[in-house]
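# Chains, contacts and geometry: an overview
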Amino acid sequence: MAVEKILLHNVDKPNSHKLDTYLAGGGYEDLRKALAMGRDDLVQLVKDSGLRGRGGAGFPAGLKWSFIPKDPSLQKYLCCNADEGEPGTFKDRIIIEKDPHLLIEGMAITCHAINSDKSYIYIRGEFEYGAQILEQAIEEAYEKGYLGKNIMGTDFSLDMYVHRGYGAYICGEETALLESIEGYRGQPRKKPPFPALAGLNGKPTVINNVESLACIPGIIRKGSKWFANMGPEKSPGPKLFCVSGHIEKPGVYELPMGTTGREIIYEVCGGIKAGRKFKAVIPGGVTAPMLVEKDLDLSMDFDTMAQAGSMLGSGAVIVMDDTTCMVRTSYIINRFFSHESCGKCTPCREGTIWMTQILERMENGEGRPGDVEELERLCDNIFGRTFCPLGDGAVMALRGCLKHFREEFVYHVENGRCMVKGGF
Amino acid sequence: MVEAVDDKLILEIDGKEVRVPFGTLILDAAKEVDVTIPTFCYQARLSGIGSCRMCIVEIEGQKKLQPACITPVMDGMKIATNSETVVSARRSMLEFLLSNHAKDCPVCDKAGECELQDMVYSHGQRKSKFEEKKISLHVKDYIISPVIIKNSNRCVQCVRCVRVCREVVGRGVLGSVGRGAYQEETSFRKGELDCDSCGMCIEVCPVGCFMRLPYRYKARPWDLKSAISVCPYCATGCKTTLQERDGEVVRSIAFKGLGFNDWLMCARGRFGYDILNSDKRLTKPLRKKGDGFEEISWSEAMGMISAEFAKTSPEKRGGVATASLPNEELFFFQKLMREAMGTPNLDSTSRWSGDTAGAYMAATAINEGGRTIYKAVNSDTVFVLGTQLSEENPVIDYIVRHVTDSGRSNLVIVSPRAMKLDATAHQSLRHTPGELAKFLNALILCLYEGDAGGLASLEEVGLSSKVSIAELAKLAGVTVDELRQLSMRLKRSETISILAGTDILKLDQGARGLRLLKLALEAMGKRLRILPILDRANQRGAWGMGVHPSLGPGFSPLSDDEKGLDCYGMLEAAAAGEMDLMYVIGEDIAGMYPDRAFAEDALSKVGFLIVQETFMTDTALKADLILPGALAGEKTGTFTNQVGRVQNLAPIQSPPGGARIDLDIMGDIASTVSKGFMDDGCTDIFGCIQKVVPSYLNIDNKSTGKDCGSVISTDVSLEAFFNVAESPGAVPTEEYPLRLITGNHLFYSGNLSSYSDILGSLLKEPVAEVGPETAKALGLEDGQNINVASEGYLDSFRLKISKGTPAGVVFIAENYEDKPINRFFKRGETIPLVKITS
Ligand SMILES: Cc1cc2nc3c(=O)[nH]c(=O)nc-3n(C[C@H](O)[C@H](O)[C@H](O)COP(=O)(O)O)c2cc1C
Ligand code: SF4
Ligand code: SF4
Ligand code: SF4
Ligand code: FES
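Residues numbered from 1 in each chain as written. Chains lettered and ligands numbered in written order. Predicted model: local features only at pLDDT ≥ 70, side-chain atom pairs only at ≥ 80, totals over all residues. Heavy atoms only, no water.

Counting its regular elements, chain B contains 27 helices and 34 strands. Taking 28 Å as the expected radius of gyration for a compact globule of 838 residues, we find that chain B reaches 28 Å, a close match to that expectation. Viewed in the frame of its principal axes, chain B has a C-alpha envelope of about 85 × 70 × 60 Å. Burial statistics for chain B: of 838 residues in total, 62% are counted as buried. Residue pairs in contact within chain B that sit at least 24 positions apart in sequence constitute 73% of those at least 6 positions apart. Summed over its atoms, the accessible surface of chain B is roughly 31100 Å², and 50% of this surface lies on carbon and sulfur atoms. One finds the centroid of the 96 positive side-chain charges in chain B at a distance of 6 Å from the centroid of its 108 negative side-chain charges. (Helix = DSSP H or I, 4+ residues; strand = E, 2+ residues; numbered from the N terminus. Rg over C-alpha atoms; globule rule 2.2 N^0.38 Å. Buried < 20%, exposed > 50% of the residue type's maximum accessible area, 1.4 Å probe, protein only. Contact = heavy atoms within 4.5 Å. Areas by Shrake-Rupley, 256 points an atom, 1.4 Å probe, with all protein chains shown as cover. Lys, Arg positive; Asp, Glu negative; His and termini not counted. Charge placed at Lys NZ, Arg CZ, Asp CG, Glu CD.)

Turning our attention to a nonpolar patch on the surface. Residues and elements named next belong to chain A. Taken together, the side chains of Phe59, Leu63 and Phe67 define a hydrophobic patch exposed on the protein surface, amounting to about 250 Å² of accessible area. Assignment of secondary structure puts Phe67 in the loop between helix H4 (61-66) and strand S1 (77-82). Owing to a relative accessible area of 42%, Phe67 belongs among the partly exposed residues under this scheme. (Patch = residues over 30% accessible without salt bridge, like charges linked within 9 Å, V, L, I, M, F, W, Y side chains within 5 Å. Salt bridge = Lys/Arg side-chain N within 4 Å of Asp/Glu carboxyl O.)

Around ligand 2, the structure places 13 residues, and the nearest of them are Cys342(A), Cys345(A), Cys348(A), Cys388(A) and Gly391(A). By residue class, the composition of the shell around ligand 2 is eight nonpolar, four polar and one charged. (Near = heavy atom within 4 Å. Nonpolar A, V, L, I, M, F, W, Y, C, P; charged D, E, K, R; others polar.)

Facing the 34 residues of chain A at the interface are 38 residues of chain B. The junction of chain A with chain B conceals about 2800 Å² of combined surface from both sides, 50% of it contributed by carbon and sulfur atoms. The tally of links between chain A and chain B comes to five salt bridges. Its salt-bridge partner being Glu95(B), residue Arg377(A) comes within 2.9 Å of it at the nearest N-O pair. (Buried area = accessible area lost by both parts, 1.4 Å probe.)

All names here are of chain A. With 19 residues, helix H9 (residues 210-228) should cover 27 Å at 1.5 Å per step; its first-to-last C-alpha distance of 19 Å lies more than 12% under that length. For H9, the tally of buried residues reaches 15 of 19 residues, placing the bulk of the element in the interior. Two to three positions downstream of the cap, the backbone nitrogen of Glu211 sits 2.8 Å from a side-chain oxygen, assigning the N-cap of H9 to Asn209. (Expected span 1.5 Å × (residues − 1). Polar contact = N/O pair within 3.5 Å; in protein donor to acceptor, adjacent residues only side chain to side chain.)

Turning to unusual backbone geometry, a few remarks are in order. All names here are of chain A. Going from Lys191 to Pro192, the amide bond is cis rather than trans, its omega being -5°. Tracing the chain through its elements places Pro192 in the loop between helix H8 (174-181) and strand S4 (205-209). For the peptide bond that leads from Pro192 to Pro193, omega is 5°, which places it in the cis range. Its place among the elements puts Pro193 in the loop between H8 and S4.

What follows is about the sheet that holds strand S3 (residues 159-164) of chain A. Residue and element names in this part refer to chain A. Strand order in the open sheet formed by four strands is S3-S2-S1-S4, with parallel pairing between adjacent strands. Both edges of this open sheet fall to S3 and S4, since each of them pairs with a single strand only. Direction aside, the axes of adjacent strands within the sheet are offset by 20° on average. As defined by bridge partners, S1 adjoins S4 across five bridges and the pair is classed as parallel. What sits directly across from Tyr77, in S4, is Thr205. Against the sheet, helix H6 (residues 100-114) makes contact with S1, strand S2 (118-123), S3 and S4, and its axis sits at roughly 150° relative to S1, the strand it touches most. (Pairing = 2+ DSSP bridges. Axes fitted to C-alpha atoms, helices over the stretch in contact; angles between N-to-C directions.)

Let's shift gears to the sheet that holds strand S12 (residues 239-245) of chain B. Residues and elements named next belong to chain B. Pairing is antiparallel across the open sheet formed by three strands, whose spatial order is S11-S12-S13. Only two strands of the sheet have a single partner each, and these edge strands are strand S11 (225-230) and strand S13 (248-253). The average angle at which neighbouring strand axes cross in this sheet is 30°, direction not considered. Here S12 runs beside S13; their pairing, made up of five bridges, is antiparallel. Counterpart to Gln243 in the pairing with S13 is Arg251.

According to the stated counting rule, one finds 79 salt bridges over all chains in the structure shown. Salt-bridge contacts for Arg660(B) lead to Asp668(B); the nearest nitrogen and oxygen are separated by 2.9 Å. Each member of the salt-bridge network shares a partner with another, and the members are Arg54(A), Lys91(A), Asp92(A), Glu211(A) and Lys239(A).

For any pair of aromatic rings, the description rests on two quantities: the centre-to-centre distance and the angle between the ring planes. Overall, the coordinates contain 19 aromatic pairs over all chains when judged by the stated rule. With a centroid separation of 5.8 Å and an interplanar angle of 70°, the aromatic rings of Trp226(A) and Phe227(A) are classed as edge-to-face. Their ring planes at 70° and their centres at 6.4 Å tell us that Phe686(B) and Tyr696(B) sit as a pair that is edge-to-face. Here Tyr696(B) lies in the loop between helix H25 (685-692) and strand S28 (709-710) and Phe686(B) lies in helix H25, a separation of 10 residues in the sequence. Each member of the pair, Phe686(B) together with Tyr696(B), is buried. Members of the aromatic cluster, each reached through a chain of ring pairs, are Tyr22(A), Tyr28(A) and Tyr146(A). Positioned above the aromatic ring of Phe615(B) is the side chain of Arg281(B), whose terminal nitrogen or guanidinium carbon lies 5.9 Å from the ring centre. (Phe/Tyr/Trp six-rings, centres within 6.5 Å; stacked < 30°, edge-to-face > 60°. Lys NZ or Arg CZ within 6 Å of the ring centre and 35° of its normal.)

Turning our eyes to something else, we now look at the layout of surface pockets. The rolling of a water-molecule-sized probe over the atoms marks out the regions of remaining empty space. Estimated volume of the second largest pocket: approximately 1200 Å³. As for the second largest pocket, its lining consists of 42 residues, of which Glu179(A), Tyr184(A), Ser47(B), Arg166(B) and Glu167(B) are closest to the centre. Of all the elements in the fold, those that place two or more residues in the lining of the second largest pocket are H8 of chain A together with helix H4 (160-168), strand S8 (174-177) and strand S9 (184-187) of chain B. Residue composition of the lining of the second largest pocket, by class: 14 nonpolar, 15 polar and 13 charged. (1 Å grid on protein atoms, 1.4 Å probe; cavity = no way out; pocket = protein on both sides within 12 Å on 5 of 7 lines; lining within 4 Å. Points joined across faces, edges and corners; volume = space filled by probe spheres on them.)

All names here are of chain A. Examined at the domain level, chain A breaks down into domain 1 (19-228), domain 2 (238-321) and domain 3 (326-415). For domain 1 versus domain 3, the separation of C-alpha centres amounts to 35 Å. If you look at the interface, domain 1 gives 12 residues, while domain 3 gives nine residues. Here domain 1 and domain 3 share an interface that buries about 820 Å² over both sides, 73% of which is from carbon and sulfur atoms. Our enumeration of links across domain 1 and domain 3 arrives at zero salt bridges. (Domains from an automatic or database assignment.)

This brings us to the environment of Ala537(B). All names here are of chain B. Secondary-structure assignment places Ala537 in the loop between strand S22 (527-532) and helix H19 (539-544). Judged by relative accessible area, which is 3%, Ala537 ranks as buried. Considered as a pair, Ala537 and Thr640 are 103 residues apart in the sequence and their alpha carbons are 7.8 Å apart. Those residues in contact with Ala537, other than ones at most four positions away along the chain, are Cys231, Pro232, Cys234, Ala235, Ala323, Ser324, Phe639, Thr640 and Asn641.

Here it is as structure tokens:
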């Protein structure tokens with residue numbers, strides 16, 4: 001499947017992270033173009049493109065921007081969500097490390113659109129290298145006048161800061177991210193007020209994912225129609241799929257939205273590892289409930305995945321073959337959630353660890369009769385009652401697995417061992 | 001869809017129609033129709049976090065249950081708080097909360113008054129399905145302060161503790177550590193706290209996590225006997241419930257809904273109760289014998305008084321009764337002095353002159369009736385002046401923070417040293433100690449810049465406009481810019497509350513300036529409220545009762561020949577050998593009068609010195625006769641707080657041993673010195689007060705627990721007090737370059753607090769506080785030992801560097817035992833000059 005690369009346009013070039021390389025590929029010309037446009041026109045353009053947020057929720061980017069109050073006396077902020085915490089996700093990282101100027105340009109255009117002169121990149125703590133690259137790129141951009149005062153001779157000025165996280169998944173949730181930048185403990189805030197009205201330091205703030213922002217220069221260059229026409233009508237555009245697991249050629253692939261799971265696995269990634277049999281796939285990071293063989297021909301886009309009871313999420317495709325034990329998988333995923341539960345709300349804090357404890361026993365052959373029902377009961381008691389989507393995510397993942405593979409759980413309880421041969 | 005009428009939204013809760021204004025929370029809307037929704041993390045005064053999920057309710061048309069405590073109502077909402085889903089969700093929340101809970105109620109101090117126990121009882125299920133291993137955050141309870149012991153294994157993670165410390169107390173020394181089920185609310189690194197020790201974190205904790213260390217394993221709530229009293233440590237007048245078991249007072253607690261302070265209290269109120277149990281209490285009348293004392297009986301004591309009294313003449317008698325006695329006793333005291341002893345010499349303090357007190361009363365319009373504190377501080381600008389509010393009246397600090405943080409007012413602080421509330425303030429100004437008059441003068445000139453006419457009319461009432469703003473500002477230690485900024489804030493405000501504190505009294509300066517400021521602002525059309533901020537629990541009551549040398553009961557001015565000596569005057573007379581008899585109740589003159597050497601000398605020259613006390617103070621040591629009295633907590637009566645609210649005291653115990661209620665002692669003395677004095681038919685003292693003090697007419701002193709009411713305006717003029725001279729301030733010399741200021745400490749207010757072992761344990765070492773510039777100039781480091789020396793006295797302290805305290809100022813708190821700071825003072829000086837050496 002050969003497609004024109006927009007997001008990964010530069011990444012294979014030598015010294016792709018350098019400003020010179022970026023400029024040679026026409027870099028920052030889109031910013032120049034955008035600066036000549038009116039703010040409302042810019043927002044409209046992004047609305048028309050149909051770009052939906054690539055961080056997981058798929059919220060229309062242009063619409064989000066349009067919520068920002070126009071009052072010029074108000075400080076406004078853009079925060080780029082580079083926390084990339086969802087297990088299986090490694091798509092933002094490639095942009096950060098290999099093409100940081102694409103992100104910076106996208107952010108600059110966005111800031112112009114929302115009339116903000118201060119922006120932050122909240123980067124996952126473990127991305128030490130990425131943070132260095134970003135710092136260097138920002139410095140280069142300042143030197144050449146793509147950041148700082150009066151960019152390209154206009155009255156638009158912009159400062160950009162890299163803010164490193166400290167290793168909490170919850171800090172990828174947009175309001176916890178804001179708390180963290182402000183220097184507080186990373187825990188989600190209540191909404192309303194929504195960040196567009198009261199975000200960072202109580203001021204109007206847009207939070208967008210790295211990939212979402214990296215889409216912006218392309219939309220300026222090639223127009224909203226080009227973007228809107230790629231893939232399904234309601235969720236168009238190029239998409240980075242990061243494929244991992246039991247697959248021949250794992251990696252990050254730029255494909256049009258709506259590519260099917262089968263195409264990704266068998267055409268793009270060379271099929272299941274070592275010729276084994278496909279068992280299940282997580283389409284969008286561990287929060288997204290698993291899909292099975294019959295779902296493989298579905299279009300990978302926000303709406304279709306949601307209809308199928310899962311989600312496109314971050315586009316992290318995790319492929320599992322028939323040696324995979326679903327109890328163990330669930331245990332590992334759940335352990336992640338209970339470890340990352342921020343502790344704020346009761347059902348997630350106490351419920352996820354409880355589930356993990358049960359799954360751990362099952363996995364160790366110490367399951368008890370009633371454990372599966374107990375897991376289901378706990379799911380019911382957590383779901384829809386947590387403060388933020390993290391707790392719900394834990395339930396979705398487990399329910400997804402129980403839905404297709406309940407018998408494996410029962411087997412584990414009854415026999416004290418796995419019904420899958422070979423294991424992980 | 002139902003229509004909204006009168007700006008109100010109409011909705012339905014459990015089938016009942018509710019009309020509430022836009023923005024009302026579901027929880028509050030439910031209360032309107034008597035529907036109670038259970039809560040844990042919700043606290044009306046704290047920011048809403050919606051985390052415990054106990055309050056989740058079902059809203060028609062919404063898939064997810066929503067937390068009632070943070071969700072505002074919308075028009076036409078249909079809410080179910082008791083549907084099957086909601087009930088089972090609640091039950092599951094409790095099951096979750098209990099899953100990792102220690103369930104060690106039998107050894108938990110909170111058992112019996114635990115919100116979790118109550119909640120499980122009313123909303124929980126019998127049996128939990130949790131059969132996994134519990135997470136334990138630590139093995140043993142750990143101590144994080146001399147008053148706090150912590151057990152995190154009982155925590156329900158409501159985070160009230162962290163929020164109250166940050167949002168109410170303004171300290172912010174607590175936080176959550178760890179994540180998920182390992183989250184723990186505690187001090188930084190679980191180490192010992194250097195905090196206000198206010199115990200607010202204990203009070204808000206619904207379970208047994210934050211616990212009182214002094215109360216540990218002492219009682220079960222059902223074993224306790226309670227009495228509702230008023231905190232004796234400052235004039236804020238916090239209601240406190242004293243509780244005892246088997247003859248020992250084990251705690252003082254602020255209950256929600258009781259008193260204006262609700263559950264708010266400071267360290268003194270919450271932990272200073274142990275003076276009631278102290279074994280240092282005086283329990284027998286004592287007669288001077290050689291260098292010591294001998295115990296005598298009450299009848300011997302009265303016999304002595306009778307014999308000595310006969311030798312004295314009225315103008316050479318005098319009395320001082322501390323402003324921590326109830327109104328009834330103070331009223332009786334002035335009657336006893338004036339009528340039975342026939343002397344006009346009486347006072348309620350040894351810390352400032354009667355005239356200064358008069359000028360302060362006049363400036364704060366204390367005769368104009370009472371207010372309620374919340375209404376009083378609900379202004380466009382709250383202006384804190386002449387008080388170290390955060391330390392002296394901590395609960396007012398909480399209230400001002402609350403009002404300011406809710407965005408309702410501007411907060412301006414004018415004081416000579418840094419305070420906690422600065423962090424909340426929109427503007428903090430540091431003026432030179434002892435130069436408040438110049439500051440106020442400059443401020444008024446700023447307010448009237450460009451208004452020559454207005455200035456002229458203020459000059460007529462005493463404003464001086466001869467010196468320029470710039471020069472005054474310099475002398476007052478502020479910049480003209482700061483003054484202009486403050487003046488702008490005042491100009492932009494319609495209502496202004498000035499909280500005027502005891503610096504004006506102690507430094508004998510600023511009352512006239514305050515009066516001029518009041519006139520100046522009123523002439524600009526501002527609505528002004530001036531609130532006295534006082535440190536002795538019943539100072540306002542003492543003045544109102546007429547315990548003042550030139551004011552009778554109800555602030556009625558006395559004619560020149562009716563006026564007597566104030567405490568200062570009595571000491572002068574005593575020093576000259578002109579005092580035959582002095583009757584001192586509860587006032588530690590030797591410890592408080594600003595010149596200890598002089599006070600001690602004067603007291604020892606009093607012909608016959610009667611000291612009625614609860615502890616052996618330095619003044620008592622000078623006495624010829626000591627009479628053991630009682631503390632608040634052992635007697636009935638009323639206190640009038642600084643804003644004029646009258647509140648009842650109920651006793652929790654009787655005075656120890658042979659000690660007696662002060663009113664009874666006074667009664668005996670009265671009948672001893674004046675036969676027939678007690679027969680004037682005044683058996684109900686409060687009734688007598690109401691006869692001569694009209695501002696107390698509407699007070700219902702029989703109301704127990706609840707409020708007795710606020711004093712009302714009296715038709716008297718205190719203007720004459722403005723004619724007396726104010727202190728000129730102090731000019732540092734090369735040898736003594738620093739100005740010393742003194743005042744109450746967060747843990748100590750008045751000599752009584754120094755007898756509390758618990759309060760004493762909070763701050764062992766006396767500290768002297770300077771700003772960073774002074775420390776740097778002198779090459780001093782935080783925590784080191786230093787000597788502070790005035791011309792006549794030298795003592796050593798630990799140095800504390802306090803950001804925000806200006807250069808050239810040293811602060812030392814009053815009431816440290818063994819650190820008699822009034823030795824630094826010389827009679828007539830208000831600001832001693834000192835130097836610091838290492
Ligand atoms: C628990 C949790 C973790 C999240 N982690 C990330 C993340 O690592 N990166 C990200 O971009 N969005 C993450 N999100 C989504 C953000 O909250 C937010 O929706 C997103 O950053 C918005 O950007 P977009 O509109 O460009 O997608 C997370 C959400 C939740 C609930
Ligand atoms: S669901 Fe609750 S505990 Fe879990 S991460 Fe969100 S707020 Fe924190
Ligand atoms: S005692 Fe007061 S200041 Fe100290 S931690 Fe508790 S709430 Fe905060
Ligand atoms: S320690 Fe107490 S107040 Fe603090 S979070 Fe736990 S239960 Fe709540
Ligand atoms: S009381 Fe509402 S969520 Fe805790």
